[in-house]
Amino acid sequence: MTAGEVPNERVGRAKCKLVYCSNKKKRTNTPSLPEEIIFYILVWLPADILYNSMRYVCRQWYKIIRDPLFVKEHLLRSTTGLLIQEHFSFAAQFGKFGEMNTTETKVNFNFPNLLSATCDGLVLFKDGYDEKEVYAANPLTKQRVAAPPFCFPSFLFGLALACAYSTMEYKLVCTYRSKKSKVYHCAMVTMGKDHAWKPINCQKLSDPCRQIFRGYRFSAGGFIYWAYDAFPCVVALDVESEVFYEFPSPVVETEDSSIYYVRKGKSLSCVVVNHYKGTWDVWVLSDPRSHGWRKLHEIDLDAQKLGISRMCILWPISWVSNGDVLVSGIGSKSRYIAMNVKTGN
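Cut-off values and rules
Residues numbered from 1 in each chain as written. Predicted model: local features only at pLDDT ≥ 70, side-chain atom pairs only at ≥ 80, totals over all residues. Heavy atoms only, no water. Helix = DSSP H or I, 4+ residues; strand = E, 2+ residues; numbered from the N terminus. Buried < 20%, exposed > 50% of the residue type's maximum accessible area, 1.4 Å probe, protein only. Areas by Shrake-Rupley, 256 points an atom, 1.4 Å probe, with all protein chains shown as cover. Core = buried A, V, L, I, M, F, W, Y, C linked by side-chain atoms within 4.5 Å. Contact = heavy atoms within 4.5 Å. 1 Å grid on protein atoms, 1.4 Å probe; cavity = no way out; pocket = protein on both sides within 12 Å on 5 of 7 lines; lining within 4 Å. Points joined across faces, edges and corners; volume = space filled by probe spheres on them. Pairing = 2+ DSSP bridges. Phe/Tyr/Trp six-rings, centres within 6.5 Å; stacked < 30°, edge-to-face > 60°. Lys NZ or Arg CZ within 6 Å of the ring centre and 35° of its normal. Axes fitted to C-alpha atoms, helices over the stretch in contact; angles between N-to-C directions.

- As annotated in an unreviewed UniProt entry, the protein carries the name F-box domain-containing protein and comes from Rhododendron griersonianum.

Structure below.
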């Protein structure tokens, strides 16, 4: 508001006169909260509220919400659930697991294709018309970032997304094979920062381990793992140091057992299904640099207690609820069972 001159004449019964006003904000005696208190209040709010509302309140709140330490703390307080996507419509739902119940919430995001990977609530998918175009998105905030064009003359085998937690930067890793040879390669890009793919040296890996690049990919704790039940070894890539590690599996698959690799929080788990005993052994690898597998659980799958037929085949799909609940598929139909490995419920 600026000062202005008003004619000093009678308007009705009131007289108008020259009035001055100041652009300076009035100071208030109301004390402000310490930044640490604001930090720990905001960190409990959902991501969509933080992004769509809270970051616009003031510069201080904007800086707090953009701080990598805040992002890391917010992720630690988030609940791990299951993202379920329809195969043909690409619509998705988020499943959240309680003590004895499950709630499903529709994900309000138009996915143009099936998801290729997930990491910390971010999703990775290809364009519906051109599969060479790859995007990473946050379904809550609707933010979307495109990856640089893939310029290597090759067959694209797989994509994975992982976080370098020291900088809170997300790395997109691609494994591919040359058209003229059977040699597998690896490249990486920092989403939202790099403009070109960077080749990652994997020459130190043994030939059998390099063949595993065509297997399943898992992202956990700043590492990307390649594992497959037919391979006796596991390969891990530290996305921050760009160093590969190879190490043996905890067990070898036999005729009486099957091996499944499943992400468990920030670790990789290996679930060994003993068909003869009717038990599942759960091994966990917390740090691939130590090559140390640790047996965490032995689950007794009593079919009668679970309310399913003994002829049904169970296979593990995902750990949710911060690694306490194991979701498994039942038979060949779209039926699932969730078991709390601590309480047995």
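Continuing now.
**Section: the overall build of the protein**
Step number 1: Scanning the protein for helices and strands turns up six helices and 24 strands.
Step number 2: Residues classed as buried in the protein amount to 39% of the 345 residues present.
Step number 3: Only carbon and sulfur atoms are counted for the fraction: they give 52% of the accessible area of the protein, which is about 21600 Å².

**Details of the nonpolar core**
Step number 1: Grouped together as the largest cluster of nonpolar side chains are 21 residues, with contacts concentrated most on Val-173, Phe-213, Trp-226, Val-235 and Phe-244.
Step number 2: Taken together, the elements giving at least two residues each to this core come down to strand 10 (154–164), strand 12 (184–190), strand 15 (223–227) and strand 16 (233–238).
Step number 3: Once residues lying within four places of it in the same chain are set aside, the contact partners of Phe-213 are Thr-175, Tyr-184, His-185, Cys-202, Leu-205, Trp-226, Val-235 and Phe-244.
Step number 4: Grouped together as the second largest cluster of nonpolar side chains are 20 residues, Leu-122, Val-134, Leu-159 and Met-168 included.

**Examining empty space enclosed by the protein**
Step number 1: Per the counting criterion, the structure on display carries one cavity of 30 Å³ or more.
Step number 2: Its boundaries defined by the atoms lining it, the largest cavity holds a volume of some 70 Å³.
Step number 3: Every residue lining the largest cavity is counted, ten residues in all, and those nearest its centre are Trp-280, Leu-301, Ser-328, Ile-337 and Met-339.
Step number 4: Listing elements by their share of the lining of the largest cavity, those giving two or more residues are strand 23 (325–330) and strand 24 (335–340).

**So, the pairing of strand 18 (residues 257–264)**
Step number 1: Across the eight residues that make up strand 18, a large majority, six, are buried.
Step number 2: As paired elements, strand 18 and strand 19 (residues 267–274) share eight bridges and run antiparallel to each other. Within the sheet, the bridge partner assigned to Lys-264 lies in strand 19 and is Ser-267.
Step number 3: Counting the residues in the hairpin turn of strand 18 and strand 19 gives two residues, including Gly-265, whose phi is positive at 65°.

**A word on the packing of aromatic side chains**
Step number 1: In the structure shown here, the tally under the stated rule is 15 aromatic pairs.
Step number 2: Ring geometry for Phe-150 and Trp-197: centres 5.5 Å apart, planes at 80°, overall edge-to-face. Here Trp-197 lies in the loop between strand 12 and strand 13 (198–200) and Phe-150 lies in the loop between strand 9 (143–146) and strand 10, a separation of 47 residues in the sequence.
Step number 3: Taken together, a centroid distance of 6.2 Å and an interplanar angle of 35° make the contact between Phe-223 and Tyr-225 tilted.
Step number 4: Owing to a relative accessible area of 0%, Tyr-225 belongs among the buried residues under this scheme.
Step number 5: The rings of Phe-109, Phe-111, Phe-125 and Tyr-135 are connected pair by pair, giving a single aromatic cluster.
Step number 6: Positioned above the aromatic ring of Tyr-51 is the side chain of Arg-55, whose terminal nitrogen or guanidinium carbon lies 3.9 Å from the ring centre.
Step number 7: One Lys or Arg, Lys-264, reaches over the ring of Trp-319 and ends 4.9 Å from the middle of that ring.

**A few points about the sheet that holds strand 22 (residues 314–320)**
Step number 1: If you trace the three strands from one edge of the open sheet to the other, you get 22-23-24, paired in antiparallel fashion. The sheet is open, and its two edges are formed by strand 22 and strand 24, each paired on a single side. Adjacent strand axes in the sheet meet at a mean angle of 30°, parallel and antiparallel pairs treated alike.
Step number 2: With six bridges connecting them, strand 23 and strand 24 associate as antiparallel partners. The partner of Ile-330 across the bridge, within strand 24, is Arg-335.

**Points about the environment of Lys-182**
Step number 1: Turning to its location among the elements, Lys-182 is positioned in the loop between strand 11 (169–178) and strand 12.
Step number 2: Distance from Lys-182 to Gln-211, taken between C-alpha atoms, is 8.9 Å for residues 29 residues apart in sequence.
Step number 3: Not counting residues up to four positions away in its chain, the partners in contact with Lys-182 are Arg-177 and Gln-211.

**Looking at unusual backbone geometry**
Step number 1: Within the chain, Phe-90 stands out as a residue other than glycine whose phi angle is a positive 65°.
Step number 2: Assignment of secondary structure puts Phe-90 in the loop between strand 3 (82–85) and strand 4 (92–97).

**Here we look at the pairing of strand 11**
Both faces of the sheet carry side chains from a regular strand, because those side chains alternate between them.
Step number 1: Most of strand 11 sits inside the fold, with eight of its ten residues counted as buried.
Step number 2: By the bridge criterion, seven bridges tie strand 11 to strand 12 in an arrangement that is antiparallel. Note that in strand 12 the partner of Thr-175 across the bridge is Cys-186.
Step number 3: Hairpin connection between strand 11 and strand 12: a loop of five residues separates the two successive antiparallel strands.

**Structural notes on the sheet that holds strand 21 (residues 293–300)**
Step number 1: With antiparallel pairing, the four strands of this open sheet are ordered in space as 18-19-20-21. Of all strands in the sheet, those bounded by a partner on one side alone are strand 18 and strand 21. The sheet shows a mean angle of 25° between the axes of neighbouring strands, direction not considered.
Step number 2: In this sheet, strand 21 lies alongside strand 20 (residues 279–285) in antiparallel orientation, the contact comprising seven bridges.

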